[in-house]
Amino acid sequence: QIQTDMASVWEEEFNTIKGKRGFIQNKVMSGRHNYSARNIIIAGSGYLHANEIEVCYSTFIELFRYELCSFYAKLKSCSIKTAQLEWNKAKNHFNSDFYNIMRCIIKDKKNAPYIRLMINRNPSINFGAFLYCKIVRVKPSVSDKTMTINTRIIKTLNADFDGDVLNIFRIPGADLGNKFAKNMDPTYNLYINRINGRVNP
């Protein structure tokens, strides 16, 4: 009877959080969020490590708005207001100055903790639904709305390349990012299977 009652409680609790109408998707994840985006995923051709991703120009320019405007203002010796106006134009029309700033941010090793993103595929209740990855390249096209990922992390996300869209969240701050990396960086946490303790295929 105890097992039956426990199974009933489990089913009731699980039903409150699963699916698009569940508490997590309906109340916690729904609506607008700062430092977030969504991209269609495409497969990398073998040159990306498990924790590396390529994001599109539009995603990077939105998620790193304040850093880009700050660098632009210094580069052009203009006010922040002017930089914001130029950033607003650059969102819809490719701007080589902003793109070069993006490349510099990525290449500078001291920025490594700050150019990481959390990627997520619904439902968000399984281990591996959230992965913490670093940006290694920005695609120089306004029309490209895709994110390139390593094919080895597809199974963990329970995703495929038939038009699946992943949620993207920027984690501001190195301290918080390091805490997420301990449990969600694919290069550290996917080698051992959480179910049987063996090497994860």
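These numbers were taken from a predicted model, which means no experiment stands behind them.

1. Some words on the layout of surface pockets
- Roughly 610 Å³ of internal volume is contained in the largest pocket.
- Lining the largest pocket are 19 residues, with R152, T156, L190, N200 and P201 positioned closest to its centre.
- Tallied by class, residues from the lining of the largest pocket come to 10 nonpolar, six polar and three charged.

2. With respect to helix 8 (residues 174-184)
- For helix 8, the complete set of buried residues consists of A174, G177 and A181. Looking straight down helix 8, one finds its buried side chains confined to an arc of 55°; they lie on one side. Away from the buried face of helix 8 by more than 90 degrees, exposed residues D175, K179 and K182 are located.
- Looking at the buried side of helix 8, the elements it contacts are strand 4 (130-139) and helix 9 (186-189).

3. With respect to the pairing of strand 5 (residues 146-149)
- What you see with strand 5 is no split at all: T146 and T148 on one side and M147 and I149 on the other are buried throughout.
- Of the pairings in the sheet, the one linking strand 1 (residues 36-43) to strand 5 comprises four bridges and is parallel in character. By the bridge assignment for strand 5, A43 is matched with I149.
- Direction of pairing for strand 2 (residues 52-56) relative to strand 5: antiparallel, over a ladder of two bridges. The partner of E54 across the bridge, within strand 5, is T148.

Cut-offs used in this document
Residues numbered from 1 in each chain as written. Predicted model: local features only at pLDDT ≥ 70, side-chain atom pairs only at ≥ 80, totals over all residues. Heavy atoms only, no water. 1 Å grid on protein atoms, 1.4 Å probe; cavity = no way out; pocket = protein on both sides within 12 Å on 5 of 7 lines; lining within 4 Å. Points joined across faces, edges and corners; volume = space filled by probe spheres on them. Nonpolar A, V, L, I, M, F, W, Y, C, P; charged D, E, K, R; others polar. Buried < 20%, exposed > 50% of the residue type's maximum accessible area, 1.4 Å probe, protein only. Helix = DSSP H or I, 4+ residues; strand = E, 2+ residues; numbered from the N terminus. Arc of directions from axis to C-beta. Contact = heavy atoms within 4.5 Å. Pairing = 2+ DSSP bridges.

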